[in-house]
Each structure stands twice: as structure tokens, then as C-alpha cells.
Amino acid sequence: MSYGVLHDPEALLAEELPLDRTPVTALADAILARKNVKGLRAGDCAQIALLLTGHARVVAAEVGRRFENLPKDSDLRPLIDQVLQEAERRLSVTSRTTLAYAQQRARLVKALYRALDRLPQPRPAPEDS
């Protein structure tokens, strides 16, 4: 059995994909705990970084949608805006295959989830009668 990693750099599928937070944050924690690449196979860092990049794009899109719905005078706006700008800057960097790069992506995913947790949940659309 082989597995692939979804690569969606423009986050076109963000509306369709459910976020499976638990395994991705566990992966982020595991890669952040590493001190070196010993024990990783060739290409592992690249695959981990690719997966974390795709996930970061999906989470950033959700943070952006919720940010747009914040009241203009919300105290959260400056913080969330800064997180989104940093995410955009980091996601524009060309992918690398190093442990440090995978760890940078892991930190980004965690920062985006912290921002997402601070934002109110979107209200469900009213059902038509």
C-alpha cells in the first residue's frame, strides 16, 4: 500500500476538506521534539514539510474567513492580522527538505491553530423552510 500527500498550494480544496487536527498537531509536536534527522529516512523531512504546508494553508484560509467576520473594533483583529501576515510570508518561501524547515512549518501550524482557537465559530446558515 502506498500513500500520497495532498498538495494544494492555493488551498482550492479548503472548503471541502475537514481538518483532522489531532494527527497533524501530533506530527508537529513530534517533529519539533527532534534534535537531528537520525532515524528519519531520506525524504521524510520533505514529506512532513509538504503535509504541514498543505495543512497550514487550509488552517490559514479558515483563520482568514473568521478574521473577516470579526467586528472592526475587535481587540483580536491586530493579533490575528499579524498571524495571517506571518503565515503568508512563511508560506511564500520555497520548500526545503531539511529538518529545520519541517520544524518551521510545524511551528506555523501550531500558531495558526492558536489563532483559530481564539476566533469565534462561524454561525451556521439559517435553514430554508
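Use the structure listed above.
Because the structure is predicted, anything quoted here is derived from the model rather than measured.

A. Spotlight on the nonpolar core. Within the largest apolar cluster, 30 residues are counted, with the highest numbers of intra-cluster contacts made by Ile-31, Leu-52, Val-63, Ile-80 and Leu-112. If you list the elements that add at least two residues to this core, you get α1 (21-33), α2 (44-68), α3 (76-91) and α4 (99-118). Looking at which element gives the most residues to this core, the answer is α4, with 10 residues. When sequence neighbours within four positions are dropped, the list of residues in contact with Leu-52 reads Val-24, Leu-27, Ala-28, Ile-31, Ala-102, Arg-105, Ala-106 and Val-109.

B. Quick look at the pattern of salt bridges. Using the criterion set out here, one finds seven salt bridges in the structure. Its salt-bridge partner being Glu-62, residue Arg-65 comes within 3.0 Å of it at the nearest N-O pair. With a gap of three residues between them, Arg-65 and Glu-62 both fall in helix α2, about one helical turn apart. Classification of Arg-65 as partly exposed rests on a relative accessible area of 29%. Taken together, the shared-partner salt bridges in this structure form one network comprising Glu-62, Arg-65 and Arg-66.

C. Here's a closer look at the packing of aromatic side chains. Inspection of every chain in the model, using the stated rule, returns zero aromatic pairs. Over the face of the ring belonging to Phe-67 we find Arg-77, whose NZ or CZ atom lies 4.3 Å from the ring centre.

D. Molecular detail of α3. Over its 16 residues, α3 extends 22 Å from the first C-alpha to the last, a length consistent with the 22 Å expected when each residue adds 1.5 Å. Those residues of α3 lying buried are Leu-76, Arg-77, Ile-80, Val-83, Leu-84, Ala-87 and Leu-91. One side of α3 carries all its buried residues, which in axial view fall inside an arc of 135°. In α3, the exposed positions angled more than 90 degrees off the buried face are occupied by Pro-78, Gln-82 and Gln-85. Looking at the buried positions of α3, the neighbouring elements they touch are α2 and α4.

E. Highlighting the packing of α2 against α3. Across the interface, α2 lies against α3 with an axial gap of 10 Å and an inter-helix angle of 150°. One way to sum up the angle between α2 and α3 is to call them roughly antiparallel. At the point where α2 passes α3, the crossing takes the left-handed sense. On α3, the residues that touch Thr-53, Ala-56, Arg-57, Ala-60, Val-63, Gly-64 and Phe-67 of α2 are Arg-77, Ile-80, Asp-81, Leu-84 and Leu-91.

Conventions used here
- Residues numbered from 1 in each chain as written.
- Predicted model: local features only at pLDDT ≥ 70, side-chain atom pairs only at ≥ 80, totals over all residues.
- Heavy atoms only, no water.
- Core = buried A, V, L, I, M, F, W, Y, C linked by side-chain atoms within 4.5 Å.
- Buried < 20%, exposed > 50% of the residue type's maximum accessible area, 1.4 Å probe, protein only.
- Helix = DSSP H or I, 4+ residues; strand = E, 2+ residues; numbered from the N terminus.
- Contact = heavy atoms within 4.5 Å.
- Salt bridge = Lys/Arg side-chain N within 4 Å of Asp/Glu carboxyl O.
- Phe/Tyr/Trp six-rings, centres within 6.5 Å; stacked < 30°, edge-to-face > 60°.
- Lys NZ or Arg CZ within 6 Å of the ring centre and 35° of its normal.
- Expected span 1.5 Å × (residues − 1).
- Arc of directions from axis to C-beta.
- Axes fitted to C-alpha atoms, helices over the stretch in contact; angles between N-to-C directions.
- Parallel < 35°, antiparallel > 145°, perpendicular 65-115°, else oblique.
- Left-handed = near helix turned anticlockwise from the far one by under 90°.

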